[in-house]
Amino acid sequence: MLRKRCLTPGGAPLILLVCHLITALDVPLDLQQPPTLTHQSPKDYIVDPRENIVIQCEAKGKPTPSFSWTRNGTHFDIEKDARVTMKPNSGTLLIDITGGKVEAYEGVYQCTARNEHGTAISNNIVIRQSRSPLWSKERVDPILIQEGNSLILECRPPVGLPPPIIFWMDNYFQRLTQSERVSQGLNGDLYFSNVRTEDTRNDYICYARFNHTQTIQQKQPISVKVLSMDAINETIAAFLNDTEFYSDSPAGERRPTFMIPKGRTSNKLVLRGHVLKLECIAEGLPTPEIHWRKESGELPNKRTFHENFQKTLKIIDVTEADAGLYRCIAKNSLGSIHHIINVTVMASPYWITEPKNLVLAPKETGVLICRANGSPGPSITWLMNGIPIENSPKDLSRKVDGDSIIFSDVQTGSSAVYQCNVSNEFGYLLANAFLNVLAEPPRILTPTNQMYQVITNSRALLDCASFGSPIPKINWFKDDQTSILDGDPYVIHDNGTLEIHVAQKDNNGKYTCIAMNDLGKAENRVQLEVKDPTRIIKQPEYRVVQVAGKVIFECKVKHDPTFTPTIMWLKNNEELPDDERFIVGEDSLTIGEVTEIDKGTYTCVANTSLDKDSASAELTVVAATPTPAVIYDRPDPSTDLELTDERERSIHLTWTPGFDHNSIIQKYIVEYEDGLHEPGVWHYLTEVPGTKTNAHLKLSPHVLYSFRVVSVNEVGRSQPSYPSRQYQTAPAAPDENPSKVEGAGNEPDNLVITWETLTGIQSNGPGLQYKVHWRQKDVDDDWTSVTVANVSKYIVSGTQTFVPYEIKVQALNDLGIAPEPSTVVGYSGEDLPMAAPGNVRVRVENSTLAEVQWEPVSPKSVRGHQKGYKIYYWKERSVFKRSRRHVEKKILTFSGDKTHGKLPGLEPFSLYKLNVRVFNGKGEGPPSPDEQFETPEGVPSAPAFLKILNPMLDSLTLEWGAPSHRNGLLTGYTLKYQPINNTHELGPLVKIIIPANETNWTLKNLNYSTRYKFYFHAQTSKGPGNIITEEAVTIMDEARINQPAVDADKGYSEPPLATSLPMHTLRPTFHKVRPVGPVFGNINTTASEDFANISWEYWGPDMSFYIEYMVEDSKEDWKKEFVNGTQSFFVIKGLMPGTTYKVRVVAKGHSDEPVQSTEEVFKTDPAMASRQVDIATQGWFIGLMCAIALLILVLLIFCFVKRNKGGKYPVKEKEDAHPDPEIQPMKDDDGTFGEYSDTEDHKPLKGSRTPSNGTVKKEDSDDSLVDYGEGGDGQFNEDGSFIGQYSGKKEKETAEGNESSEAPSPVNAMNSFV
């Protein structure tokens, strides 16, 4: 139950024009309410004069409505007419026309349904009799015409109601072939652009089909004779007395001229939503080609169709944009001509907002809106209970404002039915909508104590349908909790349904739905059980088994303990053979005494009431291993084939078996050749066991048989025997009818009947034909039939669009007919749907998801098998940018008769448009009017980048880029940071809120020579976005390097040794003086166990920087690391603990000589015992090394003794021939894989933009590995490199839930082990 209100800023109710009802209101029938019409006959009701008249009028309400009728504007007294009755508890009229005339009841009818709360009225229903008059008698003279001239065969059908469908056929009810040269016009006439001698025939017949009465009227056949110039002199005298002769001069090639329409221009009026058909037919020689174009724009691509060989231009679902000038051009090799048609588009009224029923509580405010459009603009008239509202009693709570009626401070007793009549010269719309003033406490309409069961990770929907006035508010509670369920993972829909997107075990429990308004509350309890999925944990595996062996397939199932699954085994997706050798156990299938026929695919299927799982395995059967002394082979061919006991339909065949080659013959296969129909082709007939050497064969009539025998043993098949003598059976009538009979049209006005023809042996005799029968289903018509031969299909023309037909095909030959065939039902051809889905509504669920609902189209308007609906939607622009973008339309398809669907993956804070279309097997119908909606704001993505600039002793500057996906209006940035010591422990967290217009921020009062970790994110009104992190180190204060160390527990203490300083930095003391040229200054190094931070100051032009470092006093070359961007610091990773290094900074331009800083020396911290295990001190390692040494010593002694005895041990040759791959270099000379280092896994995360849970949100990446099903646990740095897991000690303080602890990676575990 939906009702939309608007409030002024002051809180006073005010109904605005933009407010309107979303959906129709359904009031429970046990409550007082005015009448509501539920069904009525169409406005234009054409009745069959052979059937009684039924005029529908149904309504609901409380009290039950009473009904009355008017006819032609005056009261229709039903009781005075014995032929007219009204159905009980209904307003539907039944008019018995038996013995009477339908004309007496033609007129305009209107139904009225009333009770004490109001009156509803129906449309004006115009009753007219269907008419199918006969063709007027006329004399049709034969036509004699010279070859090459044009010709028009007029049809001029009788005027019927509704108008008939015209088509041309011959005496055999076959449609006349049409082409670019010969075609039927929209008026039914048959046009020849030029005639040929093959057009000569005496059975041009025009048919008029009156669909309403299912009758066909036929014009007298027209005879046409086309004469060439050579034949004119011989025949003209014989025809001049009683024929009409066209053209007495030779017909040569000529330019096109239009046969229809006439003149240079013409006009055409069409209504919006109807079908526009424009026609141009030209004559000429050669045959002209027709082309179309629109003078003032392009033809609508998806609504334009060219029919009748380009002569008819059809535009469906016409809109105002289709008005304008259309040019048709007729062209041949001698010239061209054109005609311009001026198309005017008008519109009967159509709804923009149809008034809906309104339920208000006393003192409440609401509005009825009746908004429509048309051309010319329609007028709107309001009625109350069927009386013009200006003549109704005055009501101060009611105000009529054009297309709206505003109700304020309504009182009990104000209930009524209001009618809105919208009309112009092309039609009208009439809508009933009641105002029902009710004070009703909430009631729950969903059954109580309902049990819902779902599988883990599936969606759960708990229903809570309610009604009340005022509209109740719905809240959900779980178990005994007092908090309202709202937000992730719960979604409460407008209809009260509680949705859990991904149900988990902790969602089990009892849920309470409470509906509350000012008059009370109602509640309902339901229970949700989330079950474990059914999974096959031990699947059957591929097996190879010998004949006579045994095989076991296992199938162990894990399932929810409350379910008892049923286990079913299949062979090749079919039931297992009924054989005692197949034993189905609780979790296995056993096959004993396996034979060759047991091979195949075996599938285990585990079913529960909620889900199922399956697994398959292949079984291959091989012959048993033979005894080597025995030779097995295929049998020799059989001999001595004899035919005895010859009869019409059977014969007896005997033979002598050939040698079996030590393998028992298992069976004999009898094959036959049909010398009459397929000579040289052998077919399978039957088979008998290997213990028999004869067979009684069943035969078919009219076949010249030859037989042969093939022997089969375990090894294989023998060669076929020599054929027997021939035996011919007598012909007979067919025993069977064609199979696979189907009916499905390929055009809107035909029915294509197809079947599978009989084979030669099935024909049973000569002269095989097929008798095709058809008639329209559910219509009292006789069968229509036609006999055809040598074809497998027949086309029935002139059918209605998509109607059911009963079809049967019967075989016959020269000796008789087959038994009565079975009847199948087929449908004539489909056409494009005519109607668009109505009342399209969009409900935005969140910033990326919206639900679309629509009313289904009527089945009649689908004109085919309804396949489903398609939603076309596209983003118009971003609400933030206010600028249009390239429109990329997306399509979602919903199969069947669904009337709602969800649009996922929307972009937050954006303006979207959509429309809905129904489609069938032919294609899509017209789109619904575009609906517009906006997605709300969402949280932003991570900032584009985060850079650390100018690190000083106690300050540094952060610079960042705005998020690439803002998803709303940024309200600011949040910066959090905390220090990190050498053991990777985190210090206190500091939080700073930064305005949204800032792009950099300077932090002051920081500790010198300290590593900091920064957490940075943007936020909108919907909350914070994804976090980006970075680390940086402040510069060391050289003046304080020799000060006493500070212990966390004991205060200041002197360092025990000079080498035990917290930061091992050895450098000369110098003063900071700004140099004149490009030079470095204030080079600082801060070392830890396996990394060092280098910072510097630089004066000079912009250059690129890189770091060079090496182990002190080593002969290795300098190692080089490039510095990204313009930062003035760098972290060298992968250093060896307890090692002294030299380092320098180098700046280089594009053409300048490099500038080097002074060389600085630092020493890394020694390795910590707590982080690595000395493997050399482990007892098992010492024992292993001793055993290896002892083994090597024994081998050396053995080799020495062997050599002294004069023997040779070709170790060198074997090593040269088979080099050990383990000692081959892995890459170049250092044996490494590129630049990868597993020490990356030991560092805190740097520059990561991924969320703390390791997933990648859609706002951050439109093309993530998660979207492609590759898993979501990986994280990627800004440059695309993989970020390993953080393996240091667990952080003591987490950043307010923004990060989670991670388990050590396998690489780190191995490092700590060795």
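Residues numbered from 1 in each chain as written. Predicted model: local features only at pLDDT ≥ 70, side-chain atom pairs only at ≥ 80, totals over all residues. Heavy atoms only, no water.

(A) The arrangement of the overall build of the protein chain in detail. The number of helices and strands found in the protein chain is five helices and 98 strands. Out of the 1314 residues belonging to the protein chain, those deemed buried represent 43%. Put simply, 66% of the contacts in the protein chain that link residues at least 6 apart link residues at least 24 apart. For the protein chain, the accessible surface area stands at approximately 70,100 Å², while carbon and sulfur atoms represent 51% of it. (Helix = DSSP H or I, 4+ residues; strand = E, 2+ residues; numbered from the N terminus. Buried < 20%, exposed > 50% of the residue type's maximum accessible area, 1.4 Å probe, protein only. Contact = heavy atoms within 4.5 Å. Areas by Shrake-Rupley, 256 points an atom, 1.4 Å probe, with all protein chains shown as cover.)

(B) Local environment of the side chain of aspartate 203. By secondary structure assignment, the location of aspartate 203 is in strand β17 (residues 201–210). In this structure the side chain of aspartate 203 is engaged in a polar contact, spanning 3.3 Å, whose partner is the backbone nitrogen of asparagine 171. Polar side-chain contacts of aspartate 203 include one of 2.6 Å to the side chain of arginine 201. In contact with aspartate 203, other than residues within four places in its own chain, are Met169, Asp170, Asn171, Pro221 and Ile222. (Polar contact = N/O pair within 3.5 Å; in protein donor to acceptor, adjacent residues only side chain to side chain.)

(C) Looking closely at the environment of asparagine 1082. Tracing the backbone through its elements, the reader meets asparagine 1082 in strand β91 (residues 1079–1087). Accessibility expressed as a relative area gives 3% for asparagine 1082, which makes it buried.

(D) Structural context of the nonpolar core. Judged by nonpolar contacts, the single largest core of 29 residues is most densely connected at Ile53, Ile55, Trp69, Ile95 and Tyr109. Elements supplying a minimum of two residues to this core: β3 (53–55), β4 (57–62), β5 (66–71), β8 (93–95), β9 (107–115) and β11 (125–129). Considering every element that reaches this core, the biggest residue donor is β9, with three residues. Core analysis: the second largest hydrophobic core is formed by 22 residues, Tyr1109, Ile1132, Val1143 and Phe1162 among them. (Core = buried A, V, L, I, M, F, W, Y, C linked by side-chain atoms within 4.5 Å.)

(E) Summary view of the packing of aromatic side chains. Going through the model one piece at a time under the given rule, you end up with 26 aromatic pairs. Aromatic side chains tryptophan 854 and tyrosine 869 sit 5.3 Å apart centroid to centroid with 55 degrees between the ring planes, which places their arrangement in the tilted category. A residue pair is termed long-range when its members are at least 10 positions apart, and tryptophan 854 in strand β74 (residues 849–855) and tyrosine 869 in strand β75 (residues 866–878) qualify at 15 residues. Taking the relative accessible area as the measure of exposure, tryptophan 854 reaches 2% and is therefore buried. Taking relative accessible area as the criterion, tyrosine 869 reaches 1% and is therefore assigned buried. With a centroid separation of 6.2 Å and an interplanar angle of 45 degrees, the aromatic rings of tryptophan 1096 and phenylalanine 1105 are classed as tilted. Chaining the aromatic ring pairs together yields one cluster made of Trp69, Phe76 and Tyr109. (Phe/Tyr/Trp six-rings, centres within 6.5 Å; stacked < 30°, edge-to-face > 60°.)

(F) Representation of the confidence of the model for the protein chain. The predicted model of the protein chain has a mean per-residue pLDDT of 82, with 82% of residues at 70 or higher. The secondary-structure element of the protein chain with the lowest mean pLDDT is strand β90 (residues 1065–1066), recorded at 31, while strand β16 (residues 190–192) shows the highest, at 96. Per-residue pLDDT stays below 50 along residues 1169–1173; that stretch engages in ten contacts with residues further than four places along the chain or on separate chains. Predicted confidence for residues 1207–1314 stays below pLDDT 50, and this span has 154 contacts to residues more than four positions away or in other chains. (pLDDT = per-residue confidence, 0-100.)

(G) Examining the state of the cysteines more closely. Taken as a whole, this structure holds six disulfides when the rule is applied. A sulfur-sulfur separation of 2.0 Å characterises the disulfide bridge that pairs cysteine 57 with cysteine 111. Residues cysteine 57 and cysteine 111 are joined through a disulfide that is left-handed, its torsion about the S-S bond being -70 degrees. Placement of the pair is cysteine 57 in strand β4 and cysteine 111 in strand β9, with a sequence separation of 54 residues. The two residues cysteine 57 and cysteine 111 agree in class, both being buried. (Disulfide = S-S within 2.5 Å.)

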